[in-house]
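These are the residues of each chain, in order.
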Amino acid sequence: MYPLAKALDIAKSQELDLVVISDKQEPYIARVLDYKKFLYEQKKKQKELKAKQVKVVVKEIRFGPQTDEHDYEFKKKHAEKFLEEGSKLKTYVFFKGRSIVFKDQGEILLLRLAQDLEHVGKVDQLPKLEGKRMIMMMSPKKATK
(Lines give C-alpha, C1' and ligand atoms only; values in the text may rest on other atoms or scores of the structure.)
Protein backbone atom coordinates (compact mmCIF):
# COMPACT_ATOMS: atom_id res chain seq x y z
CA MET A 1 0.00 0.00 0.00
CA TYR A 2 1.46 3.28 -1.18
CA PRO A 3 0.15 6.75 -0.62
CA LEU A 4 -1.44 8.21 -3.72
CA ALA A 5 1.47 10.58 -4.45
CA LYS A 6 4.01 7.76 -4.26
CA ALA A 7 1.83 5.59 -6.49
CA LEU A 8 1.73 8.42 -9.06
CA ASP A 9 5.52 8.63 -9.00
CA ILE A 10 5.80 4.87 -9.55
CA ALA A 11 3.38 5.04 -12.48
CA LYS A 12 5.31 7.93 -14.07
CA SER A 13 8.65 6.15 -13.65
CA GLN A 14 7.28 3.06 -15.44
CA GLU A 15 5.60 5.28 -18.07
CA LEU A 16 2.20 3.77 -17.25
CA ASP A 17 -1.09 5.12 -15.91
CA LEU A 18 -2.46 5.03 -12.38
CA VAL A 19 -6.06 3.84 -12.50
CA VAL A 20 -8.28 4.10 -9.42
CA ILE A 21 -10.29 0.89 -9.25
CA SER A 22 -12.39 1.64 -6.18
CA ASP A 23 -12.79 5.00 -4.52
CA LYS A 24 -15.50 3.84 -2.13
CA GLN A 25 -13.12 3.03 0.71
CA GLU A 26 -10.12 4.72 2.27
CA PRO A 27 -7.31 4.14 1.15
CA TYR A 28 -8.29 4.03 -2.51
CA ILE A 29 -7.62 0.89 -4.50
CA ALA A 30 -5.49 1.79 -7.52
CA ARG A 31 -3.54 -0.06 -10.16
CA VAL A 32 -0.55 0.84 -12.31
CA LEU A 33 -1.24 -0.23 -15.90
CA ASP A 34 -1.35 0.85 -19.53
CA TYR A 35 -4.82 2.40 -19.73
CA LYS A 36 -5.14 2.19 -23.54
CA LYS A 37 -4.30 -1.53 -23.43
CA PHE A 38 -6.78 -1.99 -20.57
CA LEU A 39 -9.57 -0.33 -22.62
CA TYR A 40 -8.67 -2.45 -25.65
CA GLU A 41 -8.93 -5.67 -23.63
CA GLN A 42 -12.26 -4.57 -22.13
CA LYS A 43 -13.68 -3.93 -25.62
CA LYS A 44 -12.36 -7.30 -26.76
CA LYS A 45 -14.09 -9.08 -23.85
CA GLN A 46 -17.36 -7.25 -24.56
CA LYS A 47 -17.18 -8.24 -28.22
CA GLU A 48 -16.57 -11.88 -27.28
CA LEU A 49 -19.55 -11.89 -24.92
CA LYS A 50 -21.74 -10.32 -27.59
CA ALA A 51 -20.69 -12.95 -30.12
CA LYS A 52 -21.64 -15.74 -27.71
CA GLN A 53 -25.15 -14.37 -27.19
CA VAL A 54 -27.98 -16.27 -28.85
CA LYS A 55 -29.93 -14.11 -31.23
CA VAL A 56 -33.66 -14.80 -31.17
CA VAL A 57 -35.20 -14.81 -34.65
CA VAL A 58 -38.99 -14.51 -34.94
CA LYS A 59 -40.56 -15.80 -38.15
CA GLU A 60 -44.15 -14.94 -39.06
CA ILE A 61 -46.82 -16.95 -40.85
CA ARG A 62 -50.14 -15.39 -41.83
CA PHE A 63 -53.41 -17.20 -42.35
CA GLY A 64 -56.87 -16.11 -43.39
CA PRO A 65 -59.93 -17.29 -41.44
CA GLN A 66 -60.97 -19.63 -44.28
CA THR A 67 -57.56 -20.95 -45.31
CA ASP A 68 -57.81 -23.89 -47.71
CA GLU A 69 -56.42 -27.34 -46.77
CA HIS A 70 -53.58 -27.21 -49.33
CA ASP A 71 -52.52 -23.72 -48.22
CA TYR A 72 -52.64 -24.84 -44.59
CA GLU A 73 -50.38 -27.83 -45.29
CA PHE A 74 -47.96 -25.63 -47.28
CA LYS A 75 -47.68 -23.08 -44.46
CA LYS A 76 -47.46 -25.83 -41.84
CA LYS A 77 -44.36 -27.23 -43.60
CA HIS A 78 -42.74 -23.79 -43.50
CA ALA A 79 -43.63 -23.39 -39.83
CA GLU A 80 -42.13 -26.79 -39.04
CA LYS A 81 -38.93 -25.84 -40.88
CA PHE A 82 -38.69 -22.54 -38.95
CA LEU A 83 -39.08 -24.32 -35.60
CA GLU A 84 -36.49 -26.95 -36.54
CA GLU A 85 -34.03 -24.14 -37.40
CA GLY A 86 -34.47 -22.84 -33.85
CA SER A 87 -36.49 -19.73 -34.68
CA LYS A 88 -39.52 -18.58 -32.74
CA LEU A 89 -42.77 -18.62 -34.67
CA LYS A 90 -45.51 -15.99 -34.68
CA THR A 91 -48.61 -17.25 -36.45
CA TYR A 92 -51.64 -15.10 -36.90
CA VAL A 93 -55.00 -15.06 -38.60
CA PHE A 94 -55.75 -11.72 -40.22
CA PHE A 95 -59.42 -10.75 -40.39
CA LYS A 96 -60.38 -8.38 -43.21
CA GLY A 97 -63.59 -6.38 -43.11
CA ARG A 98 -66.54 -8.41 -41.85
CA SER A 99 -64.58 -11.66 -41.66
CA ILE A 100 -64.10 -10.88 -37.93
CA VAL A 101 -67.34 -12.81 -37.40
CA PHE A 102 -65.30 -15.99 -38.12
CA LYS A 103 -62.96 -15.49 -35.17
CA ASP A 104 -63.84 -18.96 -33.83
CA GLN A 105 -62.62 -20.48 -37.14
CA GLY A 106 -59.37 -18.56 -36.78
CA GLU A 107 -58.86 -19.87 -33.26
CA ILE A 108 -59.60 -23.44 -34.38
CA LEU A 109 -57.07 -23.04 -37.21
CA LEU A 110 -54.31 -21.83 -34.86
CA LEU A 111 -55.01 -24.53 -32.27
CA ARG A 112 -54.92 -27.16 -35.01
CA LEU A 113 -51.53 -25.83 -36.14
CA ALA A 114 -50.25 -25.97 -32.55
CA GLN A 115 -51.41 -29.56 -32.26
CA ASP A 116 -49.81 -30.52 -35.59
CA LEU A 117 -46.49 -28.94 -34.60
CA GLU A 118 -46.31 -30.09 -30.98
CA HIS A 119 -43.54 -32.58 -31.88
CA VAL A 120 -41.16 -29.71 -32.86
CA GLY A 121 -42.41 -26.76 -30.81
CA LYS A 122 -44.37 -25.63 -27.80
CA VAL A 123 -46.97 -22.90 -27.51
CA ASP A 124 -45.77 -19.79 -25.63
CA GLN A 125 -48.96 -17.78 -26.05
CA LEU A 126 -52.36 -19.27 -26.84
CA PRO A 127 -54.43 -17.61 -29.60
CA LYS A 128 -55.40 -14.11 -28.52
CA LEU A 129 -57.34 -11.51 -30.50
CA GLU A 130 -55.50 -8.19 -30.89
CA GLY A 131 -57.43 -5.80 -33.10
CA LYS A 132 -57.97 -7.51 -36.47
CA ARG A 133 -55.40 -10.24 -35.76
CA MET A 134 -55.54 -13.40 -33.70
CA ILE A 135 -51.97 -14.13 -32.66
CA MET A 136 -50.29 -17.27 -31.32
CA MET A 137 -46.59 -17.60 -30.42
CA MET A 138 -44.56 -20.82 -30.52
CA SER A 139 -40.96 -21.63 -29.71
CA PRO A 140 -38.81 -24.65 -30.60
CA LYS A 141 -38.72 -27.54 -28.12
CA LYS A 142 -34.95 -27.84 -28.10
CA ALA A 143 -32.47 -25.16 -29.13
CA THR A 144 -30.72 -26.22 -32.33
CA LYS A 145 -28.10 -24.40 -34.35
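Residues numbered from 1 in each chain as written. Predicted model: local features only at pLDDT ≥ 70, side-chain atom pairs only at ≥ 80, totals over all residues. Heavy atoms only, no water.

As recorded in an unreviewed UniProt entry, the protein goes by Translation initiation factor IF-3 and comes from Bergeyella zoohelcum ATCC 43767. As its UniProt record puts it under Sequence similarities (unreviewed entry), the protein is described as follows: "Belongs to the IF-3 family." (UniProt positions renumbered as here; feature names shortened; annotations may be inferred.)

Enquirer: In this structure, what is going on with the sheet that holds strand β4 (residues 88-94)? I would like to understand it.
Expert: Adjacent strands of a sheet pair through backbone hydrogen bonds, lying either parallel or antiparallel. The strand order β3-β4-β6-β5 describes an open sheet built from four strands, whose pairing is mixed. In the strand order of this sheet, the two ends are held by β3 (58-63) and β5 (121-130), each with one partner. Across the sheet, the mean angle separating the axes of adjacent strands is 20° when strand polarity is ignored. In the sheet, β4 pairs with strand β6 (residues 133-140) via six bridges, with the strands oriented antiparallel. By the bridge assignment for β6, Lys90 is matched with Met137. Relative to β3, helix α3 (residues 69-85) is tilted by about 170°, and along the sheet it contacts β3, β4, β5 and β6. Packing of helix α4 (residues 103-116) onto the sheet brings it into contact with β3, β4, β5 and β6, and relative to β6 it is tilted by some 5°. (Pairing = 2+ DSSP bridges. Helix = DSSP H or I, 4+ residues; strand = E, 2+ residues; numbered from the N terminus. Axes fitted to C-alpha atoms, helices over the stretch in contact; angles between N-to-C directions. Contact = heavy atoms within 4.5 Å.)

Enquirer: Which parts of the structure should I look at to understand the UniProt feature "domain: Translation initiation factor 3 C-terminal" (unreviewed entry) in the protein?
Expert: Within this structure's numbering, the places UniProt gives as "domain: Translation initiation factor 3 C-terminal" (unreviewed entry) are residues 56-141. The annotated region residues 56-141 carries 36% helix and 36% strand content, and the separation between its end C-alpha atoms amounts to 14 Å.

Enquirer: Explain the side chain of Lys90 here, please?
Expert: Residue placement: Lys90 occurs in strand β4. The contact partners of Lys90, leaving out residues within four places of it in the chain, are Val58, Lys59, Glu60, Ile61, Arg133, Ile135, Met136 and Met137.

Enquirer: How do you make sense of α4 when you look at a structure like this?
Expert: Owing to its 3.6 residues per turn, the α-helix aligns residues three or four sequence positions apart on the same side. For α4, built from 14 residues, the straight-helix expectation of 20 Å at 1.5 Å per residue is met to within 8% by its first-to-last C-alpha distance of 20 Å. Those residues of α4 hidden inside the fold are in contact with β3, α3, β4, β5 and β6. (Expected span 1.5 Å × (residues − 1).)

Enquirer: Whenever I open this one, the pairing of β4 confuses me. Can you help?
Expert: The side chains of a regular strand alternate between both faces of the sheet. With respect to burial, β4 is a largely interior element, five of its seven residues being buried. As paired elements, β3 and β4 share six bridges and run parallel to each other. Across the sheet, Ile61 pairs through a bridge with Thr91, a residue of β4. At this point the chain moves from β3, through α3, to the parallel β4, and the crossover so formed is right-handed. (Buried < 20%, exposed > 50% of the residue type's maximum accessible area, 1.4 Å probe, protein only. Right-handed = clockwise from strand over helix to strand, strands pointing away.)

Enquirer: Which parts of the structure should I look at to understand a nonpolar patch on the surface?
Expert: A cluster of nonpolar side chains, Leu4, Val20 and Tyr28, forms an exposed patch at the surface whose accessible area comes to about 270 Å². Tracing the backbone through its elements, the reader meets Val20 in strand β1 (residues 17-22). Judged by its relative accessible area of 41%, Val20 is partly exposed. (Patch = residues over 30% accessible without salt bridge, like charges linked within 9 Å, V, L, I, M, F, W, Y side chains within 5 Å. Areas by Shrake-Rupley, 256 points an atom, 1.4 Å probe, with all protein chains shown as cover. Salt bridge = Lys/Arg side-chain N within 4 Å of Asp/Glu carboxyl O.)

Enquirer: Sorry if this is basic, but what is going on with the nonpolar core here?
Expert: With 18 residues, the main nonpolar core has Phe63, Leu89 and Leu117 as its most contacted residues. Those elements that provide at least two residues to this core are β3, α3, β4, α4 and β6. When residues no more than four places from it in sequence are discounted, the contact partners of Phe63 are Tyr72, Lys75, Thr91, Tyr92, Val93, Phe94, Leu109, Leu110 and Leu113. (Core = buried A, V, L, I, M, F, W, Y, C linked by side-chain atoms within 4.5 Å.)

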